Amino acid sequence: MAPTGTVIYSAVGRTCYGFDIFSVNIPPKFDGEQVKFTERRLTDGVSVNFNGQFLDEDGSLVFVSERSGRGLVYVNRPENPEPEQLPSIPGSLFHDRPVLTNGQLYLVSNHEPGEKVPSCWTAVYSATLTEEKKAFRRLTPFGTSDFSPAVSRSGKYIAVASYVTKKWQPWDPKDHKENPTDVVVFRESDPATRTVICDNGGWPSWLGDSTIFFHRKAEDGWFSVFRVELPENLPVDGEFLQAERITPPGVHAFTPSVSHDGKKVALVTRRHGSYYRHVELFDLETKSFQQVTELINPTSNHYNPFFSPDSGILGYHRFRGDCESGELTMPHLEEIDSPVKDLRMIRINGDCPSLSPDGRYVATNPDFDMGFDRAMGIRVIRTDGTKRWSVLNNQIAFSVAWSPTEKGVLYTSVGMIFQGSDYKVNIARVKFNEPDLTDDRDEVPSEVKILTKESTGNNAFPSVSPDGKYVVFRSGRTGNKNLYIMDAVEGEHNGGIRQLTDGEWIDTMPTWSPDGKYIAFSSNRHNPSEQFYSIYLIHPDGTGLRRVETQWPLGSVDRTIEKANHVTFANDSQWVVFAGNYGGISAENLSMPYQFQAYGDIYTCKIDGTGLQRLTWQMYENGPSTWHPHGEKEMGSLSKKPADGDKLEGQFEEIKWLNVGLPNRY
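Basis of the calculations
Residues numbered from 1 in each chain as written. Predicted model: local features only at pLDDT ≥ 70, side-chain atom pairs only at ≥ 80, totals over all residues. Heavy atoms only, no water. pLDDT = per-residue confidence, 0-100. Helix = DSSP H or I, 4+ residues; strand = E, 2+ residues; numbered from the N terminus. Buried < 20%, exposed > 50% of the residue type's maximum accessible area, 1.4 Å probe, protein only. Contact = heavy atoms within 4.5 Å. Pairing = 2+ DSSP bridges. Axes fitted to C-alpha atoms, helices over the stretch in contact; angles between N-to-C directions. Core = buried A, V, L, I, M, F, W, Y, C linked by side-chain atoms within 4.5 Å. Patch = residues over 30% accessible without salt bridge, like charges linked within 9 Å, V, L, I, M, F, W, Y side chains within 5 Å. Areas by Shrake-Rupley, 256 points an atom, 1.4 Å probe, with all protein chains shown as cover. Salt bridge = Lys/Arg side-chain N within 4 Å of Asp/Glu carboxyl O. Lys, Arg positive; Asp, Glu negative; His and termini not counted. Charge placed at Lys NZ, Arg CZ, Asp CG, Glu CD. Polar contact = N/O pair within 3.5 Å; in protein donor to acceptor, adjacent residues only side chain to side chain.

## As for the confidence of the model for the chain
Piece 1. Averaged over all residues, the pLDDT of the chain equals 89, while 91% of them reach at least 70.
Piece 2. The least confident element of the chain, judged by mean pLDDT, is helix α2 (residues 632–635) at 64; the most confident is strand β42 (residues 519–523) at 98.

As structure tokens, then:
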């Protein structure tokens, strides 16, 4: 039996991704003079649009857009009023890095899992568009992950960034080191015979059929652009070719695109004194940089430049900003395509969603990725997305749980929860009047009662028992983060408290099953020295502890690097939904805004571990969820009014390991 209902989930930093593709015309020569560029927006100003390719000098554009609830490939031609959707891979909800040449469409998808989980699912596929039936062919061998395909001028060769010689590993949760790929080349006609031309490189770009530009970290710590000349007959013995460094140290330079004549390279830089990524041109003859986007949008990040075939146009994507007629609102709730027929997927603009007992409202915290100084309080949203109210405005709060028996009663953590065990964070009971949720007001007053004692350290992630009498939460009061249960009204002051788990490990993010039989939580108790988590179940009386051994239908799960967090039960208490790292990452780290953790998709399975199913495929980090028992008919249709949401922000925290000698915004 498949899961049913509606999963409402959060995505970290989603309000930042108001991307559009822009372009500037490139003069044939600069002659050392400052160039005044005029920027044009090429996409709709409403969707999330990124990673384009020009087909000609008229501006015909192939690009990725999420306008349909998933990432699909479109072509935008000047003579057509609307973009045309190109063929998509059946069953895939994520397409990226399209290349259209000689009637062939190449793209990235991550719909096919590897034999082992977690692993990186991302692979390159192709289809012949001139054929009546557009059948996609997988070019990436199983057991390998490929990113960022580039096709040589003739179409004879393909270069990718690949994990072919390495096993993908989750990012280090302490220092967020990069996860390097190798640059690999293969013939389009023989994708199984592959040559690794350089290790620790990515984002290849072709000059003709014999020269490849790419980025990699140099020995001095600076990401730089390199060049490799291919021999007439490619080596197949695994020997790396000699790479020539193109850009100098002292500036990070990455995601290159080389002009057709080999005289210029467009790239992204991160420079001293700047918090932003900017597109620049590097002249290969004079070895000099030419600013482009910093002259136009000095306080925006820019990504992944690309030339037109004759290099007269330069494209890139960025946050659309206040561009004319652009849509600057992120809706409170938006529907996303679901891979399960009777399971609806809705992304919420916020964190840690929780449903009211009658299903009319969903409570959430503001998106903490915008900074805790702005992530204040709790938001209550009508489940058709038409209205949102603020509750508990003047305190930092994270994680929220609605009482299953009382209207207008919420539980949350007050304070900075991502701190040590002894850091002061308290569980609070927040009460407001639901009749105050009217369309003519934006804020609702509330009464706040602190349930935990001030001296008990870091208390977080409350969840309420089905009868509304008790709260389970994580506490660091002993120096270890374990689970406790206390009275839901009086807290530990007068109602009492008992310890549910005890050990020198981390037990966290508990949630009570609707039938009251189980408490599910995440723990690293199987390997306390590492930050890898599995799902565990325990009865509320402390008996029956067991690990949920998730079972992937096509192979085994590598539990040594498993990350499974933010578990929530379905209404039948037999299914859970959680955030997991089973599908790895979807794009090269440097090519996208910073995602601080590598578990970023939503999965579901039964409590015995069977029926494991991936539910989301996006470049965002998806996180906490809540499970509404009903679908669209009972829950209502989502509002399409653009005013029903937050203003898009467009600011991103930079990758930690990219800050060598550079300022960090946060």
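## Some remarks on the environment of Asp-644
Piece 1. Its place among the elements puts Asp-644 in the loop between α2 and β51 (645–647).
Piece 2. Classification of Asp-644 as buried rests on a relative accessible area of 9%.
Piece 3. For the pair Asp-644 and Arg-388, spaced 256 residues apart in sequence, the C-alpha separation works out to 8.2 Å.
Piece 4. Apart from the residues lying within four places of it in its own chain, the contact partners of Asp-644 are Thr-329, Met-330, Pro-331, His-332, Gly-385, Thr-386 and Ser-639.

## Observations regarding the sheet that holds strand β49 (residues 613–614)
Piece 1. Reading across the sheet, the four strands line up as β46-β47-β48-β49 and stay open at both edges, with antiparallel pairing between neighbours. The two strands at the open ends of the sheet, each matched to only one other strand, are β46 (564–569) and β49.
Piece 2. Pairing of strand β47 (residues 575–580) with strand β48 (residues 601–606) involves six bridges; the strand directions are antiparallel. Counted as the bridge partner of Gly-580 is Asp-601 from β48.

## Side note on the pairing of strand β6 (residues 72–76)
Piece 1. Buried residues dominate β6, accounting for five of its five residues.
Piece 2. Burial of the side chains of β6 extends over both faces: Leu-72, Tyr-74 and Asn-76 are buried on one face and Val-73 and Val-75 on the other.
Piece 3. Bridging between strand β5 (residues 61–65) and β6 involves five bridges; their strand directions are antiparallel. Within the sheet, the bridge partner assigned to Ser-65 lies in β6 and is Leu-72.

## A few points about the sheet that holds strand β21 (residues 252–258)
Piece 1. Read from one edge of the open sheet, four strands run β21-β22-β23-β24, paired in antiparallel fashion. Among the strands making up the open sheet, the edge pair consists of β21 and β24 (288–291). Each strand axis lies, on average, 35° off the axis of its neighbour in the sheet, ignoring direction.
Piece 2. Two strands pair when backbone bridges link them, and strand β22 (residues 264–270) and strand β23 (residues 278–283) are joined in this way by six bridges, in the antiparallel orientation. If you follow Val-268 over to β23, its bridge partner there is Val-279.

## Examining the nonpolar core
Piece 1. One finds Ile-158, Leu-537, Phe-569, Val-576, Phe-578, Tyr-582 and Leu-612 to be the most contacted residues of the largest nonpolar core, which totals 33 residues.
Piece 2. Put simply, the parts of the chain that give this core at least two residues each are β9 (104–109), β14 (157–162), β15 (182–187), β43 (534–538), β46, β47 and β48.
Piece 3. Broken down by element, the residue count for this core peaks at three residues, all from β46.
Piece 4. Not counting residues within four places of it along the chain, the set of residues in contact with Leu-612 comprises Thr-550, Gln-551, Trp-552, Pro-553, Phe-578, Tyr-582, Tyr-603, Thr-604 and Cys-605.

## Quick notes on a negative patch on the surface
Piece 1. Residues Glu-57, Asp-58, Glu-79 and Asp-310 make up a contiguous surface patch of negative charge.
Piece 2. Within the secondary structure, Glu-57 is located in the loop between β4 (49–54) and β5.
Piece 3. Residue classification places Glu-57 among the partly exposed residues on the basis of a relative accessible area of 31%.

## A word on the side chain of Ser-354
Piece 1. Among the structural elements, Ser-354 can be located in strand β30 (residues 351–355).
Piece 2. Taking the relative accessible area as the measure of exposure, Ser-354 reaches 10% and is therefore buried.
Piece 3. Looking at Ser-354, its side chain comes within polar contact range of the main-chain nitrogen of Trp-402, at 2.9 Å.
Piece 4. Setting aside residues up to four positions removed in sequence, Ser-354 forms contacts with Tyr-361, Val-362, Ala-363, Val-400, Ala-401, Trp-402 and Thr-626.

## A short note on the environment of Ser-463
Piece 1. Structurally, the position occupied by Ser-463 is in strand β37 (residues 459–464).
Piece 2. Once the C-alpha coordinates of Ser-463 and Thr-412 are considered, the two residues, 51 residues apart in sequence, prove to be 8.8 Å apart.
Piece 3. Non-local contacts of Ser-463, meaning those with residues more than four positions away in its chain, are made with Ala-401, Tyr-470, Val-471, Val-472, Pro-510, Thr-511 and Trp-512.

## Let's talk about unusual backbone geometry
The general pattern is negative phi for most residues beyond glycine and trans for most peptide bonds.
Piece 1. Phi at Lys-287 takes a positive value of approximately 55°, unusual for a residue other than glycine.
Piece 2. Examined against the element boundaries, Lys-287 turns out to sit in the loop between β23 and β24.
Piece 3. Residue class for Lys-287 comes out partly exposed when judged on its relative accessible area of 45%.

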